[in-house]
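Breakdown of the fold
The lines below spell out each chain.
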2 protein chains.
Amino acid sequence: MRKIMAFEQVSLDGFFVDAKGDMSWAHKQDAEWTAFTAGNASGNGALLFGRKTYDMMAGFWPSPMAMQAMPEVAEGMNRLTKFVVSRTLESASWRNTTVIKGDLVTSIGEMKKSDGPDLVILGSGSIVSQLSAAGLIDEFQIIVNPLVLGQGRTLFEGVREKLPLKLIKTRAFSNGNVILYYESQAQR
Amino acid sequence: MRKIMAFEQVSLDGFFVDAKGDMSWAHKQDAEWTAFTAGNASGNGALLFGRKTYDMMAGFWPSPMAMQAMPEVAEGMNRLTKFVVSRTLESASWRNTTVIKGDLVTSIGEMKKSDGPDLVILGSGSIVSQLSAAGLIDEFQIIVNPLVLGQGRTLFEGVREKLPLKLIKTRAFSNGNVILYYESQAQR
C-alpha cells in the first residue's frame, strides 16, 4: 500500500495559482528554503502531476538554467520516477516519466494498492481536488506563503463534502513560509 | 495612531465562511483554545465589525447560553468597546457599540489617526477586503482550521494588488488550529 501526499504552495488566501495561472510568486529562495526543498528531492518517492504542472516542470528542470540555479533539486527532479495524468499526451519526454491515460480515480486507486514508492503530488490542483474528493490523499503538506493574491484557484475546487484533517506538525521558515502537515481524516 | 488587526478563522482552503455563509465549523473548543480566546477578550482593545458579523455576535454573546458556555469570553465581548459599520443601522443595541455610517475607508483612516485603543476586526470579510486593499490593516492574525470546505468566501475578495506580508510568529494548538501572525508590508 502506497501513501499519496500533496506538497503544495498556497497564498494566505488559499490559492495555488493566481488569476493568470502564475505560481512564480511562490519562489522565495534563501539558504534554509533551498536546503529544505533539496532534501525533499533527494528521496526515493515518485511524483504525480497533472498535465499543466507537468508541462511547466518538464520545461524547466532539465534546462541548464535549473541545473545552475538549483543543482541539487534539479538532479532529484530529473532522477525521480514521475507520472503525468493526461488523456491526450502520447508519451512523455522528461526522463523517468510514465503517462497515466485511464480514469484518474480508478488508476490512482489501483496504484495505491500496488507496491512501490509513495507518490507526491506537486501543484496539479485539479488532481488534488479530484483525489481529495475521492478520499485518496493520505497527507497534505501545505506551504502557506506570506502574501495575499486576492484572486486565483484553490486546490480543492469541486470538493463538495467538508474534509476533516488532523494537524501533525508545523514549521516556520526564515523566508516567511510556514509548512503545515495534515493527515486526511476522510473515510475511505 | 491606532493599529488595526484582523483576527480571523479560515479553513485550509482560505475561506472564512462556507458556501452557506456558515462559520460554525470554526468552533473547536478545548481547554487550551478556550484559554487563548478568553485571553484575547480580556484586553482593552476595541472591536470592529461589518453588519452581518455584528448581527451574529450581538445575537449570541449577550445571551444566557453564551454566559454559561464561555463566561470569560462573553464577559469580555460584552464589555469591550465595539464599532459596527452600517449605512442602514440606526442604533446598536449591544452594550458599548457605536455605529459607523460614513465611507468605510475614510472613517477608519480617521479613527487610525485618532487616540484610542487598537481596533480588532473579527469575521467581517467585506471590511477586511476593503481595508486590506486600502492598506489600512497593520496585522493579520489568521487561524487556519484543520479542514477543507471546498467552497466559500475568502477574506480578500476584490483585492486587486498582491499584498506582501511579513511572518511574525506562529502557534499550533491541541485542537489542530494554527495561528499565523503577519505584519502588512503594504505601502500606505
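Cut-off values and rules
- Residues numbered from 1 in each chain as written.
- Chains lettered and ligands numbered in written order.
- Predicted model: local features only at pLDDT ≥ 70, side-chain atom pairs only at ≥ 80, totals over all residues.
- Helix = DSSP H or I, 4+ residues; strand = E, 2+ residues; numbered from the N terminus.
- Rg over C-alpha atoms; globule rule 2.2 N^0.38 Å.
- Buried ≥ 20, exposed ≤ 12 C-beta atoms within 10 Å, placed from the backbone.
- Contact = placed C-beta atoms within 7 Å.
- Pairing = 2+ DSSP bridges.
- Axes fitted to C-alpha atoms, helices over the stretch in contact; angles between N-to-C directions.
- Nonpolar A, V, L, I, M, F, W, Y, C, P; charged D, E, K, R; others polar.
- pLDDT = per-residue confidence, 0-100.
- Least-squares fit on C-alpha atoms with pLDDT ≥ 70 in both.
- Arc of directions from axis to C-beta.
- Parallel < 35°, antiparallel > 145°, perpendicular 65-115°, else oblique.
- Left-handed = near helix turned anticlockwise from the far one by under 90°.

1. A closer look at the overall build of chain A
The number of helices and strands found in chain A is six helices and eleven strands. A compact globule built from 188 residues would reach a C-alpha radius of gyration of about 16 Å, and chain A, at 16 Å, matches this within 12%. For chain A, the proportion of its 188 residues judged to be buried stands at 38%. Residue pairs at least 24 apart in sequence account for 73% of intrachain contacts in chain A once pairs closer than 6 positions are excluded.

2. A look at the sheet that holds strand 8 (residues 147–148) of chain B
Taken together, nine strands build an open sheet; the order of strands is 5(A)-4(A)-3(A)-6(A)-1(A)-7(A)-11(A)-10(A)-8(B) and the sheet is mixed. Here the strands that pair on one side only, and so sit at the sheet edges, are strand 5 (97–100) of chain A together with strand 8 of chain B. Direction of pairing for strand 10 (residues 163–172) of chain A relative to strand 8 of chain B: antiparallel, over a ladder of two bridges. Residue pairing across strands places Leu163 of chain A opposite Val148 of chain B, the latter belonging to strand 8 of chain B. In this fold helix 2 (residues 51–60) of chain A packs onto strand 3 (46–50), strand 4 (81–85) and strand 6 (119–122) of chain A, with an angle of close to 115° to the strand it touches most, strand 3 of chain A.

3. Quick notes on the sheet that holds strand 11 (residues 178–184) of chain B
Pairing between the strands of a sheet is mediated by backbone hydrogen bonds and can be parallel or antiparallel. Here we have nine strands laid out as an open sheet, ordered 8(A)-10(B)-11(B)-7(B)-1(B)-6(B)-3(B)-4(B)-5(B), and mixed in their pairing. Edge positions in the sheet fall to strand 8 (147–148) of chain A together with strand 5 (97–100) of chain B, since each has one partner strand and no second. Relative to strand 11 of chain B, strand 7 (residues 139–144) of chain B is paired through six bridges, and the arrangement is antiparallel. When the bridges of strand 11 of chain B are listed, Gln141 of chain B appears paired with Tyr181 of chain B. Lying over the sheet, helix 2 (residues 51–60) of chain B contacts strand 3 (46–50), strand 4 (81–85) and strand 6 (119–122) of chain B, oriented at roughly 115° with respect to strand 3 of chain B.

4. Focus: the environment of Thr34 of chain A
Residue and element names in this part refer to chain A. Relative to the helices and strands, Thr34 is located in helix 1 (residues 31–41). Along the backbone, Thr34 and Leu167 are 133 residues apart, and their C-alpha atoms lie at a distance of 24 Å. Apart from residues no more than four positions distant in its own chain, Thr34 is found in contact with Gln29 and Met70.

5. Quick word on the interface of chain A and chain B
Across the contact, 29 residues belong to chain A and 29 residues belong to chain B. Elements with a minimum of two residues in the side of chain A that touches chain B: strand 7 (139–144), strand 8, strand 10 and strand 11 (178–184) of chain A. Taken together, the residues of the side of chain A that touches chain B break down into 19 nonpolar, six polar and four charged.

6. A few points about the confidence of the model for chain A
It should be kept in mind that the predicted coordinates are not to be read in detail where pLDDT is low. The predicted model of chain A has a mean per-residue pLDDT of 93, with 99% of residues at 70 or higher. With pTM at 0.92, the complex prediction returns an ipTM value of 0.91.

7. So, the relation of the copies chain A and chain B
Superposition of chain A onto chain B requires a rotation of 180° combined with a translation of 0.0 Å along the rotation axis, giving an RMSD of 0.0 Å. The relationship between the two copies is best expressed as a two-fold rotation axis. The rotation axis passes nearest to the C-alpha of Gly14 of chain A in chain A, at a distance of 2.2 Å. Interface overlap between copies: 100% of the residues of chain A at the interface are likewise at the interface in chain B, consistent with a symmetric, same-surface contact.

8. Thoughts on helix 4 (residues 71–79) of chain B
Residues and elements named next belong to chain B. Residues Ala74, Gly76 and Met77 constitute the buried set of helix 4. On an axial view of helix 4, the arc spanned by its buried residues comes to 165°, and they lie on one face. Looking at the buried positions of helix 4, the neighbouring elements they touch are helix 1 (31–41), helix 2 and helix 3 (64–69).

9. Focus: the pairing of strand 11 of chain B
Residue and element names in this part refer to chain B. Residues of strand 11 alternate between two faces, with Val178, Leu180, Tyr182 and Ser184 buried on one and Ile179, Tyr181 and Glu183 left unburied on the opposite face. Inspection of the sheet shows strand 10 (residues 163–172) paired to strand 11 by seven bridges, in the antiparallel sense. Across the sheet, Ala172 pairs through a bridge with Val178, a residue of strand 11. Between strand 10 and strand 11, which pair antiparallel one after the other, the connecting turn spans five residues, and Gly176 there sits at a positive phi close to 95°.

10. Describing helix 2 of chain A
Residues and elements named next belong to chain A. Turning to helix 2, its buried residues are Thr53, Tyr54, Met57 and Ala58. The buried residues of helix 2 occupy one face: seen down the axis, they fall within an arc of 125°. Against strand 3, helix 4 (71–79), strand 4 and strand 6 lie the buried residues of helix 2.

11. Observations regarding the packing of helix 1 of chain A against helix 4 of chain A
Residues and elements named next belong to chain A. In the contact formed by helix 1 and helix 4, the axes pass within 8 Å of each other and the chain directions differ by 20°. When the axis of helix 1 is compared with that of helix 4, the two are roughly parallel. Here helix 1 runs over helix 4; the crossing is left-handed. Across the interface between the two elements, Thr37, Ala38 and Ala41 from helix 1 touch Glu72, Val73, Gly76 and Met77 from helix 4. Class assignment of the residues belonging to the contact of helix 1 with helix 4 gives a composition of four nonpolar, two polar and one charged.

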